[in-house]
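Each chain is listed here by its residues.
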Amino acid sequence: MAFQEQVQQYCDKITALTGVRCTLLDATEKQFCYPFICACRLQEQQVCQAEQVHQSGCEEASRWNGHYLYHCPCGYVFLATVL
């Protein structure tokens, strides 16, 4: 099994267990491996920069021992973990 598929299975299990959406972001390619579902109010106004916000979160996680807790402009809380 490819690494990306294995990590996606972990994401699916986290979502099933907690009800919290878990998404895989490929930091080297700077893109989501699967479509990112953005349901915030900024998305409707087309000013949400989800990809850039989460890419920055991953970069900070790399700097801070693999984990970084942050929020987006709407105030939603996210946790980035770097493997």
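Fair warning: this is a prediction, and the values are worked out from it, not measured in the lab. (Residues numbered from 1 in each chain as written. Predicted model: local features only at pLDDT ≥ 70, side-chain atom pairs only at ≥ 80, totals over all residues. Heavy atoms only, no water.)

S.K.: Teacher, can you tell me more about helix α1 (residues 3-18) here?
M.R.: Each α-helix turn comprises 3.6 residues. Residues three or four places apart therefore point the same way. Taking 1.5 Å per residue as the helical rise, α1 with its 16 residues ought to reach 22 Å, and the 23 Å between its terminal C-alpha atoms agrees with that figure. If you check which residues of α1 are buried, you get V7, Q8 and C11. Axial view of α1: buried residues confined to an arc of 105°, hence all on one face. For α1, the exposed residues lying more than 90 degrees away from the buried face are A16 and L17. Of the residues flanking the end of α1, it is G19, one or two places downstream, whose phi is positive at about 80°. (Helix = DSSP H or I, 4+ residues; strand = E, 2+ residues; numbered from the N terminus. Expected span 1.5 Å × (residues − 1). Buried < 20%, exposed > 50% of the residue type's maximum accessible area, 1.4 Å probe, protein only. Arc of directions from axis to C-beta.)

S.K.: I would appreciate a short explanation of the nonpolar core in the present structure.
M.R.: Soluble globular proteins tend to bury their nonpolar side chains together. The biggest cluster of nonpolar side chains holds eight residues, and these are L25, V53, C58, A61, Y70, C72, C74 and A80. Not counting chain neighbours up to four residues away, the residues in contact with C72 comprise V53 and F78. (Core = buried A, V, L, I, M, F, W, Y, C linked by side-chain atoms within 4.5 Å. Contact = heavy atoms within 4.5 Å.)

Geometry only, nothing functional implied.
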